[in-house]
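# Descriptive analysis of the structure
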Amino acid sequence: MKYKRILLKLSGEALMGNRQYGIDNDRLKDYAAEIKKVVDKGCQVAIVIGGGNIFRGLAGAAKGMDRVQGDYMGMLATVINGMALQGALEDAGIFTRLQSAIEMDKVAEPFIKRKATRHLEKGRVVIFGAGTGNPYFTTDTAATLRAIEIGADVILKGTRVDGIYDSDPEKNADAVKFNSLTFDEVFEKGLKVMDMTAFTLSHENNLPIIVFDMNKEGNLLKIVEGENIGTLVNSNK
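Residues numbered from 1 in each chain as written. Predicted model: local features only at pLDDT ≥ 70, side-chain atom pairs only at ≥ 80, totals over all residues. Heavy atoms only, no water.

Another aspect to go through is the overall build of the protein. Assigned secondary structure in the protein consists of 8 helices and 11 strands. Since a compact globule built from 237 residues should have a radius of gyration of about 18 Å, the 17 Å found for the protein is in line with a globular shape. Overall size of the protein, expressed as C-alpha extent along the three principal axes, is 50 × 45 × 35 Å. Counting only contacts in the protein whose residues sit at least 6 apart along the sequence, the fraction spanning at least 24 positions is 70%. Just so you have it, the protein exposes about 11600 Å², and 48% of that area is on carbon and sulfur atoms. (Helix = DSSP H or I, 4+ residues; strand = E, 2+ residues; numbered from the N terminus. Rg over C-alpha atoms; globule rule 2.2 N^0.38 Å. Contact = heavy atoms within 4.5 Å. Areas by Shrake-Rupley, 256 points an atom, 1.4 Å probe, with all protein chains shown as cover.)

Listed below in structure tokens is the structure:
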């Protein structure tokens, strides 16, 4: 395998499937099956999920809610999603641990780097919930931070499009896909890969990012095995 330890970043919206909000159980089962394929190959998997299918702090703030309060509500939404994915993974026969940046010992372990690393070494999937535990930081930033802390080889950002384009491929049929980019090229072209804090953190720590279509069966395993799927962003052309 090309990648021994990965950080898989999923959006909360990805869990909605074809629904308008909430969690689609069929989509959870599909994701669990895809993750099981790479776990069975011996890949160590950590996961960060957003909470946008339940609540977004920024959306609440735009409607007059206190931003800090809204962000904490968003963090709780990510824990709900983490619990849902944990259940789906365990139903698929995968041992998991859910760690939270906000202490809630009835449902999740507190985030402790050494415990997370040990779980990964034992073949358990570790799900990181509650973002960084701080308002004003996105789950993209949480994913990058946790990936660096656990020594992940790469961040795999699973989306509903098959890579990074020069414009929105869902709105522009002539959008051009990039197979690979350097961090500097992403800055120069003004492309949206992650929020700026997360992207800068990846750049400074030379942590590659791959953006790919998580909804296409087999893509996750192909990436772990070294196939050129999606768009790779790293320091070298």
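We are not done yet, so read on.
Take Gln 20: it is sitting in the loop between strand 1 (5–10) and helix 1 (25–40). With a relative accessible area of 71%, Gln 20 lands in the exposed category. Separated by 33 residues in the primary sequence, Gln 20 and Asn 53 have C-alpha atoms spaced 8.2 Å apart. (Buried < 20%, exposed > 50% of the residue type's maximum accessible area, 1.4 Å probe, protein only.)

Turning next to the pattern of salt bridges. A full pass over the atoms with the stated rule returns 11 salt bridges. A salt bridge links Lys 37 to Glu 34, with the nearest nitrogen and oxygen atoms 3.0 Å apart. Here Glu 34 and Lys 37 lie together in helix 1, a separation of 3 residues that amounts to about one turn. With a relative accessible area of 8%, Glu 34 lands in the buried category. (Salt bridge = Lys/Arg side-chain N within 4 Å of Asp/Glu carboxyl O.)

All right, on to the UniProt feature "domain: Aspartate/glutamate/uridylate kinase" (unreviewed entry) in the protein then. Under the UniProt annotation, "domain: Aspartate/glutamate/uridylate kinase" (unreviewed entry) lies at residues 4–213. Between the end C-alpha atoms of residues 4–213 there is a gap of 20 Å, over a span that is 40% helix and 20% strand. (UniProt positions renumbered as here; feature names shortened; annotations may be inferred.)

Turning our attention to the environment of Ala 175. Here Ala 175 lies in the loop between strand 7 (164–165) and strand 8 (177–178). We classify Ala 175 as buried; its relative accessible area is 15%. Counting along the chain gives 80 residues from Ala 175 to Phe 95, while the straight-line C-alpha distance between them is 41 Å.

On to the side chain of Arg 5. Along the chain, Arg 5 falls in strand 1. Of the side chains with opposite charge, Glu 121 comes closest to the buried, unpaired Arg 5, at an N-O distance of 4.4 Å. Within the structure, the side chain of Arg 5 is placed 2.6 Å from the side chain of Gln 44, a separation counted as a polar contact. A distance of 2.6 Å separates the side chain of Arg 5 from the backbone oxygen of Ile 150, its partner in a polar contact. Apart from the residues within four sequence positions on either side, Arg 5 is in contact with Gln 44, Thr 117, Leu 120, Glu 121, Ile 150, Gly 151, Ala 152, Asp 153 and Val 154. (Lys, Arg positive; Asp, Glu negative; His and termini not counted. Polar contact = N/O pair within 3.5 Å; in protein donor to acceptor, adjacent residues only side chain to side chain.)

Once that is clear, we can look at the UniProt feature "binding site: ATP" (unreviewed entry) in the protein. When the UniProt feature table is mapped onto this chain numbering, "binding site: ATP" (unreviewed entry) sits at Lys 9, Leu 10, Ser 11, Gly 12, Gly 52, Arg 56, Thr 159, Tyr 165 and Asp 168. Considering the C-alpha atoms alone, the annotated residues occupy 160 residues of sequence and remain spread out, their largest mutual distance being 25.2 Å. Mapping Lys 9 onto the fold places it in strand 1. Counting through the fold element by element, Ser 11 comes out in the loop between strand 1 and helix 1. Here Ser 11 falls in the partly exposed class, since its relative accessible area comes to 26%. Excluding residues that lie within four positions of it along the chain, Ser 11 makes contacts with Ile 49, Gly 50 and Gly 158.

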